[in-house]
Amino acid sequence: MSIVTVQLGQCGNQIGHEVFNAICSDVRGTHGLCSKKENESYRDACKERFFSEEESEVPVARAVLVDMEPKVISQTLSIAARSGYWKYDDRSHFCQKQGSGNNWANGYSVHGPRHKEIIMNLVQKEAEKCDRLGGFFTIMSMAGGTGSGLGAFVTQCLRDTFPTSFILNHVIWPYGTGEVIVQNYNSVLTLSHLYQSSDALLVHENDVIHKICAQLMNIKQISFRDVNQVIAHQLGSVFQPTYTAESGLHYSRNLLGDLMETLVPHPEFKMLGLRNIPQMPENSLAYSTFSWPGLIKHLRQMLIANAKMEEGIDWQVRPPCLGSSVPSSHSTNKPPHFNTSVANLVILRGKDMHSVDLGSFRDPSLYTSWLNPQDAFNVWKTPRAFNKYEKSASLVSNSQFLLKPLDNVVRKAWNMFASKAYIHQYTKFGIEEEDFLDSFTALEQVISSYTIL
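What counts and what doesn't
- Residues numbered from 1 in each chain as written.
- Predicted model: local features only at pLDDT ≥ 70, side-chain atom pairs only at ≥ 80, totals over all residues.
- Heavy atoms only, no water.
- 1 Å grid on protein atoms, 1.4 Å probe; cavity = no way out; pocket = protein on both sides within 12 Å on 5 of 7 lines; lining within 4 Å.
- Points joined across faces, edges and corners; volume = space filled by probe spheres on them.
- Helix = DSSP H or I, 4+ residues; strand = E, 2+ residues; numbered from the N terminus.
- Nonpolar A, V, L, I, M, F, W, Y, C, P; charged D, E, K, R; others polar.
- Buried < 20%, exposed > 50% of the residue type's maximum accessible area, 1.4 Å probe, protein only.
- Polar contact = N/O pair within 3.5 Å; in protein donor to acceptor, adjacent residues only side chain to side chain.
- Contact = heavy atoms within 4.5 Å.
- Axes fitted to C-alpha atoms, helices over the stretch in contact; angles between N-to-C directions.
- Parallel < 35°, antiparallel > 145°, perpendicular 65-115°, else oblique.
- Domains from an automatic or database assignment.
- Core = buried A, V, L, I, M, F, W, Y, C linked by side-chain atoms within 4.5 Å.
- Pairing = 2+ DSSP bridges.
- Salt bridge = Lys/Arg side-chain N within 4 Å of Asp/Glu carboxyl O.
- Phe/Tyr/Trp six-rings, centres within 6.5 Å; stacked < 30°, edge-to-face > 60°.

Caption draft 1: Representation of empty space enclosed by the protein. Enumeration according to the criterion identifies 3 cavities of 30 Å³ or more in this entry. Around the largest cavity sit Val203, His204, Glu205, Val208, Ile212, Gln234, Gly273, Leu274, Arg275, Lys308 and Phe401, which together line it. Taken together, the elements giving at least two residues each to the lining of the largest cavity come down to β8 (200–205), α7 (206–216) and β9 (271–277). Taken together, the residues of the lining of the largest cavity sort by class into 5 nonpolar, 3 polar and 3 charged. For the lining of the second largest cavity, the elements supplying multiple residues, two or more each, are α13 (403–418) and α15 (433–451). Ranked by the residues each element gives to the lining of the second largest cavity, the list is headed by α15, at 3 residues. Of the residues contributing to the lining of the second largest cavity, the split by class is 8 nonpolar, 2 polar and no charged.

Given below as C-alpha cells:
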C-alpha cells in the first residue's frame with residue numbers, strides 16, 4: 001500500500017526532502033548480510049510505499065508540496081532532481097508569493113479556504129496514482145503560519161475527503177526558548193485541531209534533536225539541515241519495510257494501518273514519540289560495535305525514564321511494584337519521573353535480530369492497567385540493516401513523554417490569552433476568543449487523560 005506525503009510550509013518541505021533522501025539512500029545500499037532476494041523484496045516494498053516509477057526510471061516521490069512562498073519549494077524540487085536518484089513530480093506542488101507571517105489564523109482561515117480546491121486536486125491526483133492507498137503522512141511545523149495553520153486546515157480537508165484513510169501528522173515542536181512571540185498560541189490551535197482530524201500525531205521536539213546533533217553527532221555549528229537529517233533518519237528507521245507478526249514471511253504492506261492498530265488503541269491517546277539508537281557520526285560507525293542486549297537495555301531505560309536520547313539517561317528510575325494496595329494505574333503509586341505507556345512498538349533492524357530478548361518491554365508495570373500488556377507491546381523486525389548501522393533499534397511510544405512540554409505550552413499560551421496579548425492578530429482573520437477557549441479545553445482534556453494513566 002502506498003503513502004502520500006503532504007509537505008506543508010518551509011519546515012515540512014525541508015524535512016520531507018530529507019526523509020525521501022534517507023529512504024532512497026537506504027534502498028540504494030546493498031547489504032551483504034542479506035540475500036539478493038531479501039534486498040530486492042525490501043527495495044520493492046519501499047518503492048511501492050513511497051515512490052512511483054515514470055518513463056525516465058527515476059523514482060518519483062509520492063508527495064504534494066505546499067507553501068505560501070516559492071523559494072523553499074523551488075530549492076527542494078531542484079536539489080531532489082539533481083541527485084539523479086529520485087525526484088518530485090514537477091506538477092505536484094503549490095505555492096504563492098506571500099507567506100502567512102507566522103499567523104496561524106492567516107494560514108487556517110484565509111490561505112486554506114482560498115486555495116483548498118487547488119491543493120486538494122493535487123492530493124487527489126497523487127492518491128489516484130496509487131494502486132492501493134494506505135493513507136497520508138503530513139509534515140509540518142507546529143509554531144509557524146503556513147505549516148501550522150494551513151496544515152491544520154489541509155488535515156481537516158483530508159479527513160473530510162478521505163474519511164476511511166489513515167492520517168499520520170508529523171509535527172515539529174518549537175524550541176522552548178521561543179522562535180516567534182505567538183508560537184504558543186499557534187501550537188495550542190494546531191494541536192487541538194489536529195487532534196480532531198488525525199489518527200495520530202508523531203512529535204519531534206527541536207530542543208531534543210538539537211541536543212542529539214551536539215552531543216551524539218558531534219556537530220559544532222548546527223544547521224537546520226543537520227537537525228532535519230537526524231529527524232529523517234529516525235523517521236526512516238520506522239517507515240522502511242519490516243516483518244510484523246501478522247505479515248509472516250512477507251514485508252508488511254499497510255504501514256499506517258499497522259502503526260495505528262499497534263499504538264493507538266483509544267482515540268483519546270494519539271501522541272506518539274520516537275527514539276532511535278544508536279545515533280552517531282558516520283565516520284565513527286566503522287570503529288563501533290553494538291550488542292542487542294546493550295541496545296535493548298538502553299532503549300527500555302530511555303522509555304521508562306523519559307530520556308529522549310541515550311546520553312544522560314537516569315538509571316535510578318524504576319517501574320512501580322505491582323500488587324500493592326494502591327492500583328498501579330493510580331498516579332500516587334508511580335515513582336517520580338516514571339513514564340507510563342499506553343502502547344509501545346520496538347523495531348529491530350540488522351543481523352541476529354531474531355535472537356533478541358524483549359521480555360523487559362512486556363513487563364505489565366510499564367503500561368496502563370486498562371490494556372492487556374500482550375496488546376500493549378509489539379515488535380517489528382528485519383535482518384536488513386538500516387543506513388549503514390549494522391544493528392539499530394527504534395521505539396515508537398504512546399506514553400506520557402510529552403506531558404511536561406504540552407503543559408508548558410498550554411500554560412504560557414493561557415497566560416498570554418488572559419492578558420489579551422496579540423489576540424487582535426487572530427480575530428482580524430476570523431479566529432475568535434471562543435475558538436481559543438475551545439482549543440484550551442480540548443488540550444486540558446488531553447493533559448488530564450495522559451496524567452492519570
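Caption draft 2: View of the side chain of Ser399. Its location among the elements puts Ser399 in strand β12 (residues 391–399). For Ser399, a relative accessible area of 2% corresponds to the buried category. Within the structure, the side chain of Ser399 is placed 3.2 Å from the side chain of Ser397, a separation counted as a polar contact. Contacts of Ser399, omitting those with residues within four sequence positions, involve Met271, Asn339, Thr340, Ser341, Val342 and Tyr450.

Caption draft 3: Examining the packing of helix α5 (residues 146–161) against helix α6 (residues 183–197) more closely. Two elements in contact, α5 and α6, have axes separated by 9 Å at closest approach and are oriented at 10°. Put simply, α5 runs roughly parallel to α6. Of the residues in α6, those touching α5 at Ser148, Ala152, Thr155, Gln156 and Arg159 are Asn186, Thr190, His193, Leu194 and Ser197.

Caption draft 4: Here's a closer look at the domain arrangement of the protein chain. The assigned domain composition of the protein chain is domain 1 (2–272), domain 2 (282–321 + 337–402) and domain 3 (404–437). Put simply, the middle of domain 2 and the middle of domain 3, counted by C-alpha atoms, are 37 Å apart.

Caption draft 5: Spatial organisation of the nonpolar core. With 114 residues, the main nonpolar core has Leu259 and Met271 as its most contacted residues. Ignoring sequence-local partners within four residues, the contact set of Met271 consists of Leu191, Tyr195, Leu201, Val203, Ser397, Asn398, Ser399, Phe401, Leu402, Leu406 and Tyr450. Listed in part, the 27 residues of the second largest apolar core include Val356, Ala376, Val379 and Leu395.

Caption draft 6: Highlighting the sheet that holds strand β11 (residues 377–382). Taken in spatial order, the 10 strands line up as β5-β4-β1-β6-β7-β8-β9-β12-β10-β11 in an open sheet, and their pairing is mixed. The two strands at the open ends of the sheet, each matched to only one other strand, are β5 (93–95) and β11. Averaged over all neighbouring strand pairs, the angle between strand axes comes to 20°, with direction disregarded. By the bridge criterion, 9 bridges tie strand β10 (residues 341–350) to β12 in an arrangement that is antiparallel. Paired with Arg349 across the bridge in β12 is Ser392. Sitting on the sheet, helix α1 (residues 9–28) touches β1 (2–8), β4 (63–67), β6 (133–141) and β7 (166–173), and the angle it makes with β1 is about 140°. Across the sheet, α6 is in contact with β6, β7, β8 and β9; its angle to β7 comes to roughly 165°.

Caption draft 7: Spatial organisation of the pattern of salt bridges. This model, assessed by the stated rule, comprises 13 salt bridges. Among the salt bridges present, the one from Arg91 reaches Asp89, with a minimum N-O distance of 3.0 Å. We classify Asp89 as buried; its relative accessible area is 7%. For Lys351, the salt bridge is made with Glu390, and the minimal N-O distance between the two is 3.6 Å.

Caption draft 8: Region of interest: the environment of Leu194. Tracing the backbone shows Leu194 in helix α6. Between the C-alpha atom of Leu194 and that of Lys270, which follows or precedes it by 76 residues, the distance is 9.9 Å. In this view, Leu194 contacts Met140, Ala152, Thr155, Asn169, Val171 and Leu201; residues no more than four positions away in its chain are not counted.

Caption draft 9: A look at the side chain of Thr242. One can find Thr242 in the loop between α8 (224–239) and α9 (255–263). On the basis of relative accessible area, Thr242 is assigned to the buried category, the value being 3%. With residues up to four places along the chain from it excluded, the contact list for Thr242 reads Ser247, Tyr251, Ser252, Ile347, Arg349, Trp380, Lys381 and Thr382.

Caption draft 10: The arrangement of the packing of aromatic side chains in detail. Scanning the entire structure with this criterion turns up 23 aromatic pairs. A ring pair is formed by Phe50 and Phe239, whose centres lie 6.0 Å apart and whose planes are at 25°; its orientation type is stacked. In this pair, Phe50 is assigned in helix α2 (residues 36–50) and Phe239 in helix α8, connecting sequence segments 189 residues apart. Given the relative accessible area of 2%, Phe50 is considered buried.

Caption draft 11: Quick peek at unusual backbone geometry. Of note, the amide linkage connecting Ile277 to Pro278 takes the cis form, showing an omega dihedral of -10°. By the element assignment, Pro278 lies in the loop between β9 and α10 (282–285). Phi is positive for Asn306, which is not a glycine, with a value near 55°. Even without being glycine, Tyr422 reaches a positive phi, approximately 65°. Turning to its location among the elements, Tyr422 is positioned in the loop between α13 and α14 (424–427). Judged by relative accessible area, Tyr422 falls into the partly exposed class, the value being 33%.

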